Amino acid sequence: MAVYQYRCAEHGVLEVARPIGTAADAEPCPDCATPAPRVFTAPRLSLGSARNRALIDRTERTADQPAVVSAAPSRPAAPRVHNPVHARLPRP
Ligand SMILES: [Zn+2]
């Protein structure tokens, strides 16, 4: 199976899974039933689960749509570990 993308002028991109080589030139949009023309993209074959595909999609989006932040993320405080053995370690 391969995932083919189509773009409805009103509702955006939709994805359809079809056997390789069987993609139609247009698919009806599930929202408005208007024929959406096919968008040619890089093949996405055997990417595993939907979770893996979502991760790959997010990673690829960072190339042209990086998340912009105004400040560095706050770093959580390091956990404090109290181990009596550490008191015997050599000090500089
Ligand atoms: Zn539509």
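The preceding data block contains the structure.
The rules behind each value
- Residues numbered from 1 in each chain as written.
- Predicted model: local features only at pLDDT ≥ 70, side-chain atom pairs only at ≥ 80, totals over all residues.
- Heavy atoms only, no water.
- Core = buried A, V, L, I, M, F, W, Y, C linked by side-chain atoms within 4.5 Å.
- Buried < 20%, exposed > 50% of the residue type's maximum accessible area, 1.4 Å probe, protein only.
- Helix = DSSP H or I, 4+ residues; strand = E, 2+ residues; numbered from the N terminus.
- Pairing = 2+ DSSP bridges.
- Salt bridge = Lys/Arg side-chain N within 4 Å of Asp/Glu carboxyl O.
- Axes fitted to C-alpha atoms, helices over the stretch in contact; angles between N-to-C directions.
- Donors = N, O, S within 2.8 Å, 3.2 Å for Na, K, Ca; no water.
- Tetrahedral: all angles 85-135°; square planar, octahedral: opposite > 155°, others 65-115°.

Let's shift gears to the nonpolar core. If you look at soluble globular proteins, the nonpolar side chains tend to sit buried side by side. Listed in full, the nine residues of the largest apolar core are Ala 2, Tyr 4, Tyr 6, Cys 8, Leu 14, Val 16, Ala 23, Cys 29 and Ala 36. Where this core is concerned, the elements lending two or more residues are strand S1 (2–8) and strand S2 (12–18). Examining the composition of this core, we find that four residues originate from one element, S1, more than from any other.

Successive side chains on a regular strand alternate, one facing one side of the sheet and the next facing the other. Relative to S2, S1 runs antiparallel, the two being bridged by seven bridges. Following the sheet pairing, Cys 8 is matched in S2 by Gly 12. Between the end of S1 and the start of S2, which pair antiparallel, lie three residues.

Further remarks concern the pattern of salt bridges. Counted under the stated rule, the structure contains one salt bridge. A salt bridge links Glu 27 to Arg 18, with the shortest nitrogen-to-oxygen separation between them at 3.2 Å.

Across the sheet, which stays open at both edges, the four strands sit in the order S2-S1-S4-S3 with antiparallel pairing between neighbours. Of all the strands in the sheet, the pair left with one neighbour each is S2 and strand S3 (26–28). Averaged over all neighbouring strand pairs, the angle between strand axes comes to 40 degrees, with direction disregarded. Pairing of S1 with strand S4 (residues 35–39), which is carried by two bridges, proceeds in the antiparallel orientation. Residue pairing in the sheet places Tyr 6 in a bridge with Arg 38 of S4.

Right, let's talk about the coordination of the zinc ion for a bit. Donor atoms from the polypeptide that bind the zinc ion are Cys 8 (SG), His 11 (ND1), Cys 29 (SG) and Cys 32 (SG), placed at 2.1 to 2.3 Å. Considering all four donor atoms around the zinc ion, angles at the metal cover 108 to 112 degrees and the coordination shape is tetrahedral. As a motif over one chain, the donors of the zinc ion read C-x2-H-x17-C-x2-C. The class for Cys 8 is buried, based on a relative accessible area of 5%. Owing to a relative accessible area of 37%, His 11 belongs among the partly exposed residues under this scheme.

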